[in-house]
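Take a look at the letters that make up each chain.
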Amino acid sequence: PTIRYLTTNNPTAILITDAGIMDPANIDVVKALKTYITNGGTAILCCSCSSFMNPSKADRFFTTYFSLPWKFGNYERTDVYLREEVAVRHLPLGSKGLEHLPRSYSQKAVFLKNVSEEGIIYSPREDSVTQSRVFAPRAADTEQTPVAWVGIEKGWLGYVGDVNGEEGSDAVILAMCGLSASG
């Protein structure tokens, strides 16, 4: 049904909420998704997708199907900060959409490594520390991101690694779709 839908429809955006997309058995779906993206579509890995990602399958998914160096990173909670200059240049709403995005928020997420500077929408700052009820705080890795965005030919691939459905992440997903939290 997914492949048939993608060959006969052109949705504004696709939210990928299931990490099953990364299973090699779903290669035909991934190929249809990649065609959709390269022809101008937007796809966002979000919601519960990151909660169930297998690190090696995720790494293979990004590398093999999208030629991205992105790798599965840390799983932690920390404060992340909007990189306004990247968001304005690359998100569909541009500067208009910034008013609906939080400047910072605490996010528990699966972070990605090896995302280019141009693709990091939110990241920890030098003073960000991990937030845990079990482990002592430590400096967050400022080279990893829970929110990535990359152009692939005519379209876009986004990633929001939030595992708890924070309101800030909802606003980010909407912005990636070209919508604002206010409607």
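Read on for a plain summary of the structure. Computed from a predicted structure; not experimentally measured. (Residues numbered from 1 in each chain as written. Predicted model: local features only at pLDDT ≥ 70, side-chain atom pairs only at ≥ 80, totals over all residues. Heavy atoms only, no water.)

Secondary structure assignment for the protein yields 6 helices and 7 strands. When the helices and strands of the protein are listed from N to C terminus, the series reads α-β-α-β-α-β-α-α-β-β-β-β-α. Its C-alpha atoms give the protein a radius of gyration of 16 Å, within 12% of the compact-globule value 16 Å for 183 residues. Principal-axis analysis of the C-alpha atoms gives the protein an extent of 50 × 35 × 25 Å. When each of the 183 residues of the protein is scored for burial, the buried share is 48%. (Helix = DSSP H or I, 4+ residues; strand = E, 2+ residues; numbered from the N terminus. Rg over C-alpha atoms; globule rule 2.2 N^0.38 Å. Buried < 20%, exposed > 50% of the residue type's maximum accessible area, 1.4 Å probe, protein only.)

The next thing to look at is the sheet that holds strand 3 (residues 71-82). The strands that make up a sheet are held in pairs by hydrogen bonds between backbone atoms, and each pair lies either parallel or antiparallel. Strands sit in the order 1-2-7-6-5-3-4 across an open sheet of 7 strands; the sheet is mixed. Edge positions in the sheet fall to strand 1 (14-16) and strand 4 (104-113), since each has one partner strand and no second. Between one strand and the next, the sheet's axes are offset by a mean angle of 25 degrees, whatever the strand orientation. Pairing of strand 3 with strand 4 involves 9 bridges; the strand directions are antiparallel. From the neighbouring strand, lysine 71 faces strand 4, where its bridge partner is lysine 113. Across the sheet, helix 6 (residues 167-176) lies against strand 1, strand 2 (42-45), strand 4, strand 5 (120-123), strand 6 (147-152) and strand 7 (155-160), angled at about 175 degrees from strand 7, the strand it touches most. (Pairing = 2+ DSSP bridges. Axes fitted to C-alpha atoms, helices over the stretch in contact; angles between N-to-C directions. Contact = heavy atoms within 4.5 Å.)

Attention now moves to the packing of aromatic side chains. Taken as a whole and assessed by the stated rule, the structure comprises 7 aromatic pairs. A centroid spacing of 6.0 Å and a plane angle of 65 degrees characterise the contact between phenylalanine 61 and tyrosine 65, whose relative ring orientation is edge-to-face. On the criterion of helical spacing, the pair formed by phenylalanine 61 and tyrosine 65 is a turn pair, its members being 4 residues apart in helix 3 (residues 55-66). One exposure class covers both phenylalanine 61 and tyrosine 65, and it is buried. Ring geometry for tyrosine 105 versus tyrosine 122: centroids 5.4 Å apart, planes at 80 degrees, classification edge-to-face. (Phe/Tyr/Trp six-rings, centres within 6.5 Å; stacked < 30°, edge-to-face > 60°.)

Another point: the pairing of strand 2. Residues Thr42 and Ile44 of strand 2 are buried on one face, and the alternating residues Ala43 and Leu45, pointing to the opposite face, are buried as well. Across 3 bridges, the pairing between strand 1 and strand 2 is parallel. Paired with isoleucine 16 across the strands is leucine 45, a residue of strand 2. Crossover handedness for the path strand 1 to helix 2 (residues 27-38) to strand 2: right-handed. Bridge count between strand 2 and strand 7: 4 bridges; the pairing is parallel. Note on strand 7: the bridge partner recorded for leucine 45 is tyrosine 159. (Right-handed = clockwise from strand over helix to strand, strands pointing away.)

This paragraph deals with the environment of threonine 63. If you trace the backbone, threonine 63 turns up in helix 3. Not counting residues within four places of it along the chain, the set of residues in contact with threonine 63 comprises Leu68, Trp70 and Lys71. Separated by 3.0 Å, the side chain of threonine 63 and the backbone oxygen of aspartate 59 make a polar contact. (Polar contact = N/O pair within 3.5 Å; in protein donor to acceptor, adjacent residues only side chain to side chain.)

Turning to its location among the elements, aspartate 162 is positioned in the loop between strand 7 and helix 6. With no salt bridge to any partner, buried aspartate 162 finds its closest opposite charge in arginine 77, at an N-O distance of 6.1 Å. Of note is the side chain of aspartate 162, whose polar atom sits 2.7 Å from the backbone nitrogen of glutamate 166. Residue contacts for aspartate 162: discarding those within four places in its chain leaves Cys47, Ser50, Gln107, Lys108, Ala109 and Ser169. (Lys, Arg positive; Asp, Glu negative; His and termini not counted. Salt bridge = Lys/Arg side-chain N within 4 Å of Asp/Glu carboxyl O.)

This paragraph deals with helix 3. The first and last C-alpha atoms of helix 3 sit 16 Å apart over 12 residues, in line with the 16 Å expected at 1.5 Å per residue. Buried within helix 3 are the following residues: Ala58, Asp59, Phe61, Phe62, Tyr65 and Phe66. Where helix 3 terminates, the next one or two residues include serine 67, which has phi positive at roughly 50 degrees. (Expected span 1.5 Å × (residues − 1).)

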